Amino acid sequence: LCNLPKEVYQHLACYVPKIYCLGPNLNPQNEDLLAPLLLQSPLEWYLCGEEPSVGLAKLEQNNQPSQLCGHVFKVGEPTYSCRYSCAADPTCVLCMQCFLGSVHKEHRYRMTTSGGGGFCDCGDTEAWKKGPYCQKHEPNISDSSQKDPLANLSDEMIARTYNVFSIILKYAVDMLTWEKEDELPEGLEPPNTSRQTKPLRVQVMHSSVVAHQCFALKALTWLGQIIRYSDALRRILCQVGLQRGPEGENSSLVDTLMLCDSKMWKGARNVYHQLFMSSLLMDTKYKKLFAIQFAKNYERLQSDYVKDDHDREFSVTDLSVQMFTVPSLARMLITEENLMTTIIRTFMDHLRHRDLHGHFQFERYTAQQAFKFRRVQSLIGDLKYVLISRPTEWTDQLREKYLEGFSAFLELLKCMQGMDPVVRQVGQHIEMEPEWEAAFTLQMKLTHIISMMQEWCSSDERVLIEAYKKCLSALTHCHSGFTDGEQPITLSMCGHSVDTIRYCVSQEKVSIHLPLSRLLAGLHALLSKTEVAYRFPELLPLSELSPPMLIEHPLRCLVLCAQVHAGMWRRNGFSLVNQIYYYHNVKCRVEMFDKDLSMLQAGASMMDPNHFLMIMLSRFELYHIFSSADCRKRYNRENANKDVVQQNNTLIEEMLHLVIMIVGERYTAGVGQVECFDEIRREIVHQLCIRPMAHSELVKALPENENKETGMERVIDSVALFKKPGVTGKGLYKLRPESAKMFNLYFHHYSRADQSKAEEAQRKIKRQNGEDSVLPPPVLPRFCPLFASLVNILQCDVLLGILGAVLQWAMEPSGGHWSESMLQRVLHLIGMGLVEEQQHLLSSAEDNDTNFNFTLKISRPGEAPANTPSILALLETLQNAPHLEVHKDMIRWILKVKLIQISLQSHLIGSTVRDKDKAERKRKAEMARLRREKIMAQMSEMQRHFINENKELFQQSLEELDPSTSSTLDSCDSTLFCVGPRRWRAGGSDRRQVVTCILCQEEQEIRIDGKAMVLAAFVQRSTVMSKNRKRPPHNPDKYDPLFMHPDLSFGTHTGSCGHIMHSHCWQRYFEAVQAKEQRRQQRLRVHTSYDVENGEFLCPLCECLSNTVIPLLPLTKTSCRYCNKHTLDFDLQLQWLNITSLQMKALLSAHRKAKAADADGVDDMDGVNDCPPPDGFKLDYTPKNPYSSTIKEMLTTFGTATYKVGLKVHPNEQDPRVPIMCWGSCAYTIQSIERLLVDEEKPLFGSLPCRQDDCLSSLTRFGSACWTVSSHATVQNHFIRLLAALVPDPRVENTPCILDIDMFHLLVSLVLSHPAVFSLDSSGLSADTAQLYFLHLVTVAHIVQILLSSVPEEVQMEQESGGAEREEEEKVCMFYNTLRTHLGSGLREVDSGWHLWCCVKAGILPYLRAAALFFHYLNGAPAPPELHSVGEWEALCGYLCLPSNLLQLFYNNRELMEPVLHGWCSHPGVLQGLQSSVALIRESNHLIELPGDYSALINQASSFTCPKSGGDKSRAPTLCLVCGAMLCSQSYCCQSELEGVDVGACTAHTFACGAGVGIFLRVRESQVLFLAGKTKGCFYAPPYLDDYGETDQGLRRGNPLHLCQERYRKIQKLWRQHSITEEIGHAQEANQTLVGIDWQHL
Ligand SMILES: [Zn+2]
Ligand SMILES: [Zn+2]
Ligand SMILES: [Zn+2]
Ligand SMILES: [Zn+2]
Ligand SMILES: [Zn+2]
Ligand SMILES: [Zn+2]
Ligand SMILES: [Zn+2]
């Protein structure tokens, strides 16, 4: 009817530029509104043939969705894989939801965070061998997966969909791959209505192109959304996309997109990759077709990728994992598209730098080549995907194509065989370290491929034999004519001779890279495992082998290692040392060192052992030593250079070790007769023989396969026991005692260091068990038939000759001509011979006659004319040699076993001998035990003796240790009061306090007029007790800190390590630190863990971070006026208040007068009434400062420091806020310690560590003295204002309402500022009485505060309580009603006295406890014993001299209290505050609750987006453990400026949330982060552990992690103790690299 494509194009041509070319000033949201309306909606209408919302809903309803989950992972989202063998390959992952509903939850699983891209494999039956579906994706009984989804759709619908999809997809592809800027595709030219001139038109076209490209992306997204409604639509889209275009092959729209991939911008790539994933890869039929197209284009795509500069995640090549890991697809691509060969060839094509022999040459490659090399490596990843699942059945076609790929792979290995050769440097040191890493990178990347190639071969005998032949011919080709130019020589020893070539490792080229030889070694062992090898070995292609050729290069490589150990290659530098290291390292050794050893075993098994050993001696360059007839007298005759002798000794040791390994390493399947887990079991045993190890340490020591599995879990429990960790440390595996018998001192994977550690550990265990400490060679499994002849090495003439020679040398003490290790190895070899013989004898019953007769051979003396003694004879002699003490037990063991052997041979039954052996051992153990007991008895006897002699001394020290006898309470009163006129007073002797300076060690008495003693202290701002983290920080210059708000949002905490110094000693120390720091900073720009410029230093004794010192002061001597008046007279209080009030009045007017006089404002004098002071109050009196000058100086020092840190201002000792900050810090510190004691469930007194006890006591006494160094008028003025808050006084302005005051701070400030006023008073009032009255008033105020703010919403049922508290309940009810009469409707009606009293008691307890601590430290009154235990109300009130019914404070003194109460309630702030005030039942702050399962946190973090960059994922989401905020850390997007420095989100948050101190959890890293200030930080172990009791910092291992409450509580305790900064300091002192980190950027 009409031409649809044309019409659509016309529509788009008209509207797209209009919507997407809008000018810059228009609202960009219009795009989002207009595009769906004008562009998408018509398409949807056409598609559905009706209202889209109806049509699409219908589609969705009829849809029978496939069972694939297909959830596409976000960056950082948790993914799960099963570590049982459920998955087809390790790339199979589940999303969190599917995982939780799957069977694998119960299996051992791995949890990782996704790097983005990739999707959930749930429901893919090919991806899973077991449990492919979660509960949600379980298929219905009517299996719909086979049915064609199109069957559900009407024909018209199919046709319409087909039309729309082909037009839109074509449009999008055209636009995205469009390369011309000034022209549009046909049909999209703008409607010809414009009258614009030409140049302008070009511009319009240009923006039109951009507009169409924008819409093209939208169109692709739209397609992705539409196909979600129905699998049928998805299938149609796939069909449209893959339909071959007019240009023939590879011209479909999908092909076009792929082939233009590298030309597109990132955003476009992302969008179409997403579409591919949700369409082509979700449809089983089209996934296959797409895979074929992908393979066809593979080479081109990879070449484009290598040239491109975007990361692989933005390349279409990254989709390979989605197809190549599907076994059926991989198999199909190998057979039909020859994928293996394609990948390998493409890889080779990109590595072009070769030397003359065609070997890769990385030696001097450029940065650009290095870059390319890195990109090319992703091809190896693809090859790995293809090979990852081995075929279960082979077709001829698969065999053919696999072998073709194998040949291509051999070509690759050929280029590596012999690359990067080295030549020994003599004379001078190497000039430039040669590049070696690239070659090893390649080797490492290929390691798993090589292993997988072998596994494929091993699954089909025909393939194995063919591959073996191909490999052999490739190797032969490589080494054809390896004898060229090298003269043949003849070696002869002990009556044997052999021809070989002349070749010296120390003089000629040698390479560590021999992948071809090693692959052949691997295949040889596999061949040896096959049935053919057992039955018809003649059918194997072994006749073509030339054993000397096979062993030549691996032997050279091993000799190279030996020579490096012997120090012969020192001049070749570190590059060689590193190569040797990696050669043996767990990452490479499987396909390097291990295979070289196998190759020597294979070669030797096919050679005469004497010939083999002679060639070996010759390559070790030791032939000349052992070949001469009188080699047994080597060093008598040889007068060689000492270094050379030393070198040769090491070489002999290495050579003997190699022989031990060749005969003794039988745990490779195919070499020895072992089961598949024996090898790994043996590895574990040998690791644990060194020491007990954590799970992760073991994992690191074991080789991982391509699935990152070591296979350890299957066997570990059979050889080891697990021990759980405590609050620190890790869980450990310990070797089961019975497994120690497998221990082999010469285990091939031990380094020399491992070996000596293991030897020591094993000997120690044996000694502890009372056993002989000898470590004989273990019993070994038998060799496979192909390798069986290797045992003959042990009894061959050449080896016996060598052994005899070394034993002969050892007859004399070593003058350097033999070494202990050499002898140890010889003895081990002899031991191996005996053990081997024993095994042969024991099995000889079933086996036919054995020709292994070691005992006979070693008993045979040398032949005439030399007539040397036999090995046995030598051993008999050596057994008594005094210089061989360490080897004696081994020699004895050998001689004993030999005896057993002989008895075995004479058909004695072995068991009786073994019984005898056992009896002997038991007897020895018994003797050892007796000996030990005797020694113990002797020792304890000696101790007793010593104590008797020094009896007095012990008595004394015991008494000192007992606290009950040392602290005697000689108080005049039986009840103890800490405050008030009846308070406890220190006698003269109690006040005397003598301390020792940690710096000069001198003793010093603390006296008012003495030298000042100081305590190292650390003052910090704190929000630990804050109940309002939203309160913005104060402006430090204007802030008036006199009244602390009850939310305690910011406080100043003072801590101390408790170490005491003379003030002058400390000053000298601090000056020295300063000077040193200045010098150091000039030299090197490194930070220290402390900031000297800010006054920080480390305590000279314990290195605790400090930033000031507190002076130590004696207890104040209070004159004992009214001391005898024991009754508390409430009338007196009224009188006292009246007098005080008069005093204040006078003081206030005097201050105003003085101020007015200063300002010359004479006319203001009118308002100020002249108030005469009451009797005995001297306004002009200036009290004498009693302190010595050094104490005064220290008072100023500490006061200024507290002021500076607490307000974050510059130090100013004149500032009126200095004393306020000191009182505040005293109050805050006491409050925080009170909370800490509650949290730790410790009693109020007697449980504080000394350092805190000392700190609080000096802090409080300092508080009471600090007014003496401030302006008295200032302190008096503070006092007036403080008192006015308590006793409202209309003359004082800006008094806060009582709901806005923390009462404990008020109490402390009142008490500590009072002396400044009191000192003027000579009327005879007592300071103690005043303290008590303050306490009374503040307590009542606090009760009011609690009642006003904590009354519950709903009144609960009246509770009956015992008569004891009845009175309190009545009183509190009355009191509450009194309050209501003052405040009226503002206060709810409550008639439950019980409840009110509960509120009051709970609310006031922290205050009372803090007050008890305060007066205890201020007045030195010892605490009653009741307060040393937990339950406390009565004792507490008693100690504080308060009635236990606190309401009596009000009712016994109503005359005074009523007006005061009225004053409080009439403050305008009270009614306002009633609605909003903080609940005053103070509970301790906790760190936030963490989920039990760590993946819940990962999930939470993965949906967290950066708050500043519009929905982008945050790279390092970090959780504040204090308030629970998630932050975007370590990223520029969230940097902000703080005090002129750019800081990261964490540091910025720290200042708002923690007053500079922060505790965070870095979610991606599973790591706790402590921050302090802008420069300090450290990492701390997270509270999450895996099942092995280990943390996983960096989330590398992927074991499931669970919250460990104990460890989390430990972190919380550090925080509550204000020890975070200190912890950081210690961490930084211990680990200097932490100092260098830019913490402020986190
Ligand atoms: Zn899923
Ligand atoms: Zn699922
Ligand atoms: Zn599983
Ligand atoms: Zn001193
Ligand atoms: Zn200290
Ligand atoms: Zn926070
Ligand atoms: Zn951010």
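Residues numbered from 1 in each chain as written. Chains lettered and ligands numbered in written order. Predicted model: local features only at pLDDT ≥ 70, side-chain atom pairs only at ≥ 80, totals over all residues. Heavy atoms only, no water.

**Regarding the overall build of the chain**
Counting its regular elements, the chain contains 60 helices and 22 strands. Taking contacts inside the chain between residues at least 6 apart in sequence as the whole, the part at least 24 apart equals 76%. If you sum the accessible surface of the chain, you get close to 74,400 Å²; carbon and sulfur atoms cover 51% of it. (Helix = DSSP H or I, 4+ residues; strand = E, 2+ residues; numbered from the N terminus. Contact = heavy atoms within 4.5 Å. Areas by Shrake-Rupley, 256 points an atom, 1.4 Å probe, with all protein chains shown as cover.)

**Quick look at unusual backbone geometry**
For residues that are not glycine, phi is negative in most cases, and the peptide bond is trans in most cases. Positive phi values are uncommon outside glycine, yet Gln-1001 reaches one of about 65°. You can call Gln-1001 exposed: its relative accessible area is 56%. Positive phi outside glycine occurs at His-1618, with the angle close to 60°. Secondary-structure assignment places His-1618 in the loop between helix H58 (1605-1616) and helix H59 (1620-1630). The class for His-1618 is buried, based on a relative accessible area of 8%. (Buried < 20%, exposed > 50% of the residue type's maximum accessible area, 1.4 Å probe, protein only.)

**Comments concerning the coordination of the zinc ion (ligand 6)**
Think of it this way: four donors in a tetrahedron around the metal ideally sit 109.5 degrees apart, and six in an octahedron ideally sit 90 or 180 degrees apart. Bound to the zinc ion (ligand 6) are the protein donor atoms Cys-1520 (SG), Cys-1523 (SG), His-1549 (NE2) and Cys-1553 (SG), situated 2.0 to 2.3 Å from the metal. One can describe the site at the zinc ion (ligand 6) as tetrahedral: its four donor atoms subtend angles covering 103 to 117° at the metal. Within one chain, the residues donating to the zinc ion (ligand 6) are spaced in sequence as C-x2-C-x25-H-x3-C. Here Cys-1523, found in the loop between strand E14 (1516-1520) and strand E15 (1526-1529), pairs with Cys-1553, found in helix H57 (residues 1545-1553); they are 30 residues apart in sequence, far enough to count as distant. Note on Cys-1523: relative accessible area 33%, which makes it partly exposed. (Donors = N, O, S within 2.8 Å, 3.2 Å for Na, K, Ca; no water. Tetrahedral: all angles 85-135°; square planar, octahedral: opposite > 155°, others 65-115°.)

**A look at helix H7 (residues 231-242)**
The first and last C-alpha atoms of H7 sit 16 Å apart over twelve residues, in line with the 16 Å expected at 1.5 Å per residue. The buried count for H7 comes to eleven of twelve residues, which makes it a mostly enclosed element. The complete set of buried residues in H7 reads Asp-231, Ala-232, Leu-233, Arg-234, Arg-235, Ile-236, Leu-237, Cys-238, Val-240, Gly-241 and Leu-242. Put simply, Ser-230 is the residue that caps the front of H7, since its side-chain oxygen is 3.0 Å from the backbone nitrogen of Ala-232. (Expected span 1.5 Å × (residues − 1). Polar contact = N/O pair within 3.5 Å; in protein donor to acceptor, adjacent residues only side chain to side chain.)

**Regarding the coordination of the zinc ion (ligand 2)**
Only Cys-98 (SG), Cys-122 (SG), Cys-134 (SG) and His-137 (ND1) from the protein reach the zinc ion (ligand 2) as donors, at distances of 1.9 to 2.3 Å. Classification of the site at the zinc ion (ligand 2) rests on its four donor atoms, whose angles at the metal span 101 to 115°, yielding the label tetrahedral. Motif for the zinc ion (ligand 2), donor spacing along one chain: C-x23-C-x11-C-x2-H. If you look at the zinc ion (ligand 2) and the zinc ion (ligand 1), they sit 4.2 Å from each other and are both ligated by Cys-98. Pair noted here: Cys-122 is in the loop between strand E2 (109-115) and helix H5 (155-176) and His-137 is in the loop between E2 and H5, with a separation of 15 residues, a long-range link. No difference in accessibility class separates Cys-122 from His-137, as the two residues are buried.

**A few points about the side chain of Thr-1023**
By secondary structure assignment, the location of Thr-1023 is in the loop between strand E9 (1013-1022) and strand E10 (1051-1062). Among the polar contacts listed, one links the side chain of Thr-1023 to the backbone oxygen of Cys-1553, at a separation of 2.9 Å. Contact partners of Thr-1023, with chain neighbours within four places excluded, come to Arg-1029, Ser-1049, Phe-1050, Tyr-1228, Asn-1485, Cys-1553, Gly-1554 and Ala-1555.

**Observations regarding the packing of aromatic side chains**
For the structure on display, the rule yields 44 aromatic pairs. For the ring pair Phe-1070 and Phe-1097, a centre distance of 5.8 Å and an interplane angle of 70° mean the geometry is edge-to-face. Of this pair, Phe-1070 sits in helix H42 (residues 1063-1083) while Phe-1097 sits in strand E11 (residues 1097-1098); the two residues are 27 residues apart in sequence, bridging distant segments of the chain. On the basis of relative accessibility, which here comes to 13%, the residue Phe-1070 falls in the buried class. Taking the relative accessible area as the measure of exposure, Phe-1097 reaches 0% and is therefore buried. (Phe/Tyr/Trp six-rings, centres within 6.5 Å; stacked < 30°, edge-to-face > 60°.)

**Details of the pattern of salt bridges**
Tallied over the entire structure, the rule returns 54 salt bridges. A salt bridge links Lys-469 to Glu-466, with the nearest nitrogen and oxygen atoms 3.9 Å apart. A residue pair is termed a helical-turn pair when its members lie 3 or 4 positions apart in one helix, as Lys-469 and Glu-466 do in helix H19 (residues 461-479) at three residues. Classification of Lys-469 by relative accessible area gives partly exposed; the value is 37%. (Salt bridge = Lys/Arg side-chain N within 4 Å of Asp/Glu carboxyl O.)

**Here's the deal with the sheet that holds strand E19 (residues 1567-1572)**
Taken together, five strands build an open sheet; the order of strands is E15-E14-E18-E19-E20 and the sheet is antiparallel. Edge positions in the open sheet fall to E15 and strand E20 (1576-1580), since each of these has one partner strand only. Mean inter-strand twist for the sheet, computed between neighbouring axes without regard to direction, equals 30°. As judged from the six bridges shared by strand E18 (residues 1557-1562) and E19, these two strands associate in the antiparallel manner. By the bridge assignment for E19, Val-1557 is matched with Ala-1572. Sitting on the sheet, H59 touches E18, E19 and E20, and the angle it makes with E20 is about 80°. (Pairing = 2+ DSSP bridges. Axes fitted to C-alpha atoms, helices over the stretch in contact; angles between N-to-C directions.)

**Comments concerning the pairing of E18**
Among the six residues that make up E18, six are buried, leaving the element largely enclosed by the rest of the structure. Here E18 shows a buried face lined by Val-1557, Ile-1559 and Leu-1561 and a second buried face lined by Gly-1558, Phe-1560 and Arg-1562. As paired elements, E14 and E18 share three bridges and run antiparallel to each other. Across the sheet, residue Cys-1520 finds its bridge partner in E18, namely Phe-1560. Remark: four residues form the turn of the hairpin made by E18 and E19, two consecutive strands paired antiparallel; Ser-1566 in that turn has positive phi of roughly 50°.

**Concerning the packing of helix H11 (residues 298-307) against helix H16 (residues 378-387)**
In the contact formed by H11 and H16, the axes pass within 11 Å of each other and the chain directions differ by 145°. In this structure, H11 uses Tyr-298, Gln-302 and Tyr-305 to contact H16, whose residues at the interface are Ser-378, Leu-379 and Asp-382. Looking at the contact of H11 with H16 residue by residue, the class counts come to three nonpolar, two polar and one charged. (Nonpolar A, V, L, I, M, F, W, Y, C, P; charged D, E, K, R; others polar.)

**Notes on the sheet that holds strand E13 (residues 1108-1111)**
The three strands are arranged E10-E9-E13 in an open sheet whose pairing can be described as antiparallel. The open sheet has two edge strands, E10 and E13, and neither has a second partner. The mean inter-strand angle of the sheet, taken between neighbouring strand axes irrespective of direction, is 40°. Pairing of E9 with E13, which is carried by four bridges, proceeds in the antiparallel orientation. Paired with Leu-1015 across the strands is Ile-1110, a residue of E13. Sheet contacts for helix H45 (residues 1217-1239): E9 and E10; angle to E10, the most-contacted strand, approximately 90°. Against the sheet, helix H46 (residues 1250-1265) contacts E9, E10 and E13, and its axis sits at roughly 105° relative to E10.

**As for the nonpolar core**
Core analysis: the biggest nonpolar cluster contains 275 residues, and Phe-165, Phe-290, Tyr-402, Phe-626, Met-655 and Ile-830 have the highest contact counts within it. Setting aside chain neighbours within four positions, we find Phe-290 in contact with Leu-242, Val-254, Met-258, Phe-276, Leu-280, Leu-281, Leu-319 and Met-323. Counting residues in hydrophobic clusters, the runner-up holds 153 residues, among them Met-1061, Cys-1099, Ala-1265 and Ala-1341. (Core = buried A, V, L, I, M, F, W, Y, C linked by side-chain atoms within 4.5 Å.)

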